[in-house]
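Take a look at the letters that make up each chain.
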Amino acid sequence: MKLDIVRNAKRNVLAGVLNRVLTLVLPFVNRTLFIWWMGAEYLGLNGLFASLLGVLSLAELGFGQAVVCALYKPVAEDDHETVAAYFSFYRTVFRLVGCFILVGGLALLPFLPHLVKGSAPADIDLRLVYLIHLANAVLSYFLFAYKGVLLTVHQRQDVQTHIATGVTVAQYVLSLTVLCLTRNYYYYVLVSVVCTVLSNVLVARATARLFPHIVCAGRLSRERRRKVMSDVGSLFLHRVGSVISYSSDSLVISASLGLVSVAAYGNYYTVYKSVCGFVGLLYESLTAGFGNAVHTEPKRAVWRKFRKLNVLSLVVVSWCAAMMLALYQPFMALWTAKRPELLQPFATAALMVVFFYVNYSRQVLQMFKSALGLWREDRLKPVVSGVANLAMNVALIHVLGLNGAILSTILAFLVIEIPWEGAVVFRRYLKGTDGEGRTFLARYVRLQLGFAAFAVALCAVTWGATLCVPFGGFGGLALRGIVAVVVATVGVAAFCRRDLREILSRLGAGRCR
């Protein structure tokens, strides 16, 4: 079965937009009211436990991604028997992973007090709160989260997104209601456990309705199990690096600077993640389509898809970076007005913008590598990058504070991860020329460097324009936003009009060649 990439992508993006709007607004409302009602120390606990459980999630080893990639071919060939066997295998693995995370989480209980500099809130039993967070992390593995793989591989993330949207809204409303009425942190955390169960049940019902012919049945051949395990071995190293890169920041900050600093970092990171959520829709909606295309289309046709998506991605990322630089710090000044210790210098906001651009300008390359299943080829990359990131993190955070944590990740991406990923994709799949005498690699590098220079110029001009607007309250922020939108949009339209016209005309026609 050949998937309709553009049609499914449009459907996924439309479903995701509502989800991202809500997940953009609700976390800010939640964090703001949480700080007002409970204090920054409680918010720091949330960030600390999220990072700690991110480390425990290493037990998943990357099975989900390996199974999704393995399913692209049988789905394209309508081999329902093989799909069912993979599905059964994945369910068994997920339950074993849940057991490992539970045991590993319990083993960490004695060490919790050592991860917090100073003291935790007096009315909180640190271990009990951690156990509730652990239960929330483990439940999905024992319930029906594994069924979401069918939605992913069929490029039907829109279904899962609708469920996530409804459950997320319910969770925030219930959490804030409980917090408002009781001011009880335990009840607040328990709401997330209830919503995790609800989300799993709804995903299970959706997959049963859409794919009634696919059930957990059969047994994978030894060759297929060996292939999955080989991919898992490589993906595990990727997950180790990812966890070190993303989860270590809060742990190091908590141990070095305290829970208030974790909360401050979390606020800046929340803005970053909110923007990433919208940009990420593009990649989430198209990954499965690319996985299908590499098995059904010639290489040059796949390259044309890759290049057009990369151009569109760089346009979006450049525009978002310009908007972020112009509005990041003014927004944070308003948001943290009641807790000035949470406001960091402008350099923190600028570094978060650089972090955003560096990370998301490479996402199409990462998406393509994932669709091709090229994990073994750079399996050592995330470990090398993660260790280097952690070492720089520990060293720089004592000199630069929070900025050291951000800068260390940027340097690891630029020096290690991006060059390594490019070498793998262009050596293993996109080698050779595009038919016009230029290598795929040369065209890609030229495109990336050109857009990086454009992004710097666009950010500088947009930020400079907004400085001319007097800032005061939400009215001043809104006026700066309008100026930023106009300047950034005009800049993008002037620089990228030819590429945008071609891409949008093809998307409007429902095709992408």
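The shown structure was predicted, so the numbers you read here are calculated from the model rather than taken from an experiment.

A few words on the confidence of the model for the protein chain. Predicted coordinates in areas of low pLDDT are best not read in detail. On average, residues of the protein chain score 77 in pLDDT, and 74% of them reach the 70 mark or higher. Ranking the elements of the protein chain by mean pLDDT puts helix H1 (residues 5-37) last, at 63, and helix H12 (residues 346-360) first, at 93.

Running from N to C, helix H5 (residues 126-142) and helix H8 (residues 185-210) cross one another at 5°; their axes reach a closest spacing of 9 Å. Classified by the angle their axes make, H5 and H8 are roughly parallel. Seen from H5, the contacting residues are Leu128, Val129, Ile132, His133, Asn136, Leu139 and Ser140; seen from H8, they are Tyr185, Tyr186, Val189, Leu190, Ser192, Val193, Thr196, Val197 and Asn200. The residue makeup of the contact of H5 with H8, split by class, is 10 nonpolar, six polar and no charged.

Bringing a nonpolar patch on the surface into the picture now. A cluster of nonpolar side chains, Leu102, Leu106, Leu128, Leu131 and Phe142, forms an exposed patch at the surface whose accessible area comes to about 380 Å². Elements represented by at least two residues in the nonpolar patch include exactly helix H4 (80-107) and H5. Per element, the largest residue contribution to the nonpolar patch is three residues, and it comes from H5. By secondary structure assignment, the location of Leu106 is in helix H4. Since its relative accessible area comes to 42%, Leu106 is described here as partly exposed.

Moving on to the nonpolar core. One finds Tyr272, Tyr328, Phe356 and Phe451 to be the most contacted residues of the largest nonpolar core, which totals 56 residues. Secondary structure elements with two or more residues in this core: helix H9 (222-257), helix H10 (259-293), helix H11 (299-335), H12, helix H15 (402-428), helix H16 (440-467) and helix H17 (473-508). In this structure, Tyr272 is in contact with Met324, Tyr328, Met352, Phe355, Phe356, Asn359 and Tyr360, ignoring residues within four places of it in sequence. Formed by 29 residues, the second largest nonpolar core is a distinct cluster that contains Leu134, Val203, Ile214 and Leu220.

Right, let's get into the packing of aromatic side chains. Throughout the structure, instances matching the rule amount to 15 aromatic pairs. Where Tyr265 meets Tyr269, the ring centres are 5.8 Å apart and the plane angle is 20°; that geometry is what we call stacked. With Tyr265 and Tyr269 both in helix H10 and four residues apart, this pair spans about one turn of that helix. For Tyr269, a relative accessible area of 21% translates into the label partly exposed. A ring pair is formed by Phe454 and Phe495, whose centres lie 4.1 Å apart and whose planes are at 5°; its orientation type is stacked.

Considering all chains together, one arrives at three salt bridges under this definition. With a closest N to O distance of 3.0 Å, Arg362 and Glu417 form a salt bridge. Of the two residues, Arg362 sits in the loop between H12 and helix H13 (363-372) while Glu417 sits in helix H15, which places them 55 residues apart along the sequence. With respect to burial, Arg362 and Glu417 carry one shared label: buried. Of the charged contacts, one joins Arg362 and Glu421 as a salt bridge, the two residues approaching to 2.6 Å between their closest N and O atoms. Remark: Glu421 occurs in helix H15 and Arg362 occurs in the loop between H12 and H13; sequence separation between them is 59 residues.

Once that is clear, we can look at the environment of Leu220. With respect to the helices, strands and loops of the structure, Leu220 is situated in the loop between H8 and H9. You can call Leu220 buried: its relative accessible area is 5%. Sequence-distant contacts of Leu220, defined by excluding residues within four places in its chain, comprise Thr82, Ala85, Tyr86, Phe89 and Arg225.

Between H11 and H16, the shortest axis-to-axis distance is 8 Å and the interhelical angle comes to 20°. Our classification of the angle between H11 and H16 gives roughly parallel. Pair H11 / H16 crosses with right-handed handedness. When grouped by side-chain class, the residues that make up the contact of H11 with H16 number 19 nonpolar, five polar and three charged.

Scoring rules and cut-offs
- Residues numbered from 1 in each chain as written.
- Predicted model: local features only at pLDDT ≥ 70, side-chain atom pairs only at ≥ 80, totals over all residues.
- Heavy atoms only, no water.
- pLDDT = per-residue confidence, 0-100.
- Helix = DSSP H or I, 4+ residues; strand = E, 2+ residues; numbered from the N terminus.
- Axes fitted to C-alpha atoms, helices over the stretch in contact; angles between N-to-C directions.
- Parallel < 35°, antiparallel > 145°, perpendicular 65-115°, else oblique.
- Contact = heavy atoms within 4.5 Å.
- Nonpolar A, V, L, I, M, F, W, Y, C, P; charged D, E, K, R; others polar.
- Patch = residues over 30% accessible without salt bridge, like charges linked within 9 Å, V, L, I, M, F, W, Y side chains within 5 Å.
- Areas by Shrake-Rupley, 256 points an atom, 1.4 Å probe, with all protein chains shown as cover.
- Salt bridge = Lys/Arg side-chain N within 4 Å of Asp/Glu carboxyl O.
- Buried < 20%, exposed > 50% of the residue type's maximum accessible area, 1.4 Å probe, protein only.
- Core = buried A, V, L, I, M, F, W, Y, C linked by side-chain atoms within 4.5 Å.
- Phe/Tyr/Trp six-rings, centres within 6.5 Å; stacked < 30°, edge-to-face > 60°.
- Left-handed = near helix turned anticlockwise from the far one by under 90°.

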